[in-house]
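# Fold and geometry: a report
If you want the building blocks of each chain, they are given just below.
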Amino acid sequence: MPIVHYPGDGNDNLPGGRSEPGETIEQTLVRELDEEIKAKVISWYPLGYQDGINTDGKRIYQLRVYAKLTIDDKFVKDPGGSVIGHSLVPLEELNQHIKWGEIGDRLVDMVLRLKK
């Protein structure tokens, strides 16, 4: 599983980001994975979404997907400026890196079931 690194110690997360005006979900997925980890999307499957509130009080929805990728190019720089690199970790160890607790465990279980 790809994880992205941010400045600071232990700030790892899944690649992702916001849609730009007029973008479809698939266009956002393809663009963000290219920008953050230089990956090409082979196929993808939606797992679900999270409904949350930003620190400014604005409601946000975060789509979670399982995607098959190829990572061909070396990461140079995230155009958004926040990602400083990426790593690949075993799926079973993902939540140790992103620290999402129960939600992270549930996502890993969903992907493991899809892979069977």
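Source: prediction; values computed, not measured.

## Digging into the pattern of salt bridges
Where charged atoms of side chains with opposite charge meet at close range, the side chains can pair. Overall, the coordinates contain 7 salt bridges when judged by the stated rule. Taking the shortest distance from any N to any O, the salt bridge between glutamate 20 and arginine 31 comes out at 3.6 Å. One end of the pair, glutamate 20, is in the loop between strand S2 (12-13) and helix H1 (25-37); the other, arginine 31, is in helix H1, with 11 residues separating them in the sequence. Judged by relative accessible area, which is 15%, arginine 31 ranks as buried. Two residues, glutamate 35 and arginine 31, come together in a salt bridge whose shortest N-O distance is 3.3 Å. Taken as a pair, glutamate 35 and arginine 31 lie in helix H1 at a separation of 4 residues, close to a single helical turn. As far as burial versus exposure is concerned, glutamate 35 and arginine 31 are alike and both buried.

## Some points on the pairing of strand S4 (residues 59-71)
Note: strand S3 (residues 39-53) against S4, 13 bridges, orientation antiparallel. Bridged to tyrosine 45 within S4 is tyrosine 66. Turn length for the S3-S4 hairpin, with the two strands adjacent in sequence and antiparallel, is 5 residues, and the turn residue glycine 57 shows positive phi of about 90°.

## What to know about H1
The end-to-end C-alpha distance of H1 is 18 Å, a good match for the 18 Å that 13 residues give at a rise of 1.5 Å each. Three or more residues of H1 are buried, namely Thr28, Leu29, Arg31, Glu32, Leu33, Glu35, Glu36 and Ile37. Just beyond H1, the residue with positive phi is lysine 38, at close to 55°.

## Concerning unusual backbone geometry
Phi is positive for lysine 38, which is not a glycine, with a value near 55°. The topology assignment puts lysine 38 in the loop between H1 and S3. Given the relative accessible area of 24%, lysine 38 is considered partly exposed. Phi angles above zero are rare outside glycine, and lysine 99 is one such case at about 55°.

How each quantity is defined
Residues numbered from 1 in each chain as written. Predicted model: local features only at pLDDT ≥ 70, side-chain atom pairs only at ≥ 80, totals over all residues. Heavy atoms only, no water. Salt bridge = Lys/Arg side-chain N within 4 Å of Asp/Glu carboxyl O. Helix = DSSP H or I, 4+ residues; strand = E, 2+ residues; numbered from the N terminus. Buried < 20%, exposed > 50% of the residue type's maximum accessible area, 1.4 Å probe, protein only. Pairing = 2+ DSSP bridges. Expected span 1.5 Å × (residues − 1).

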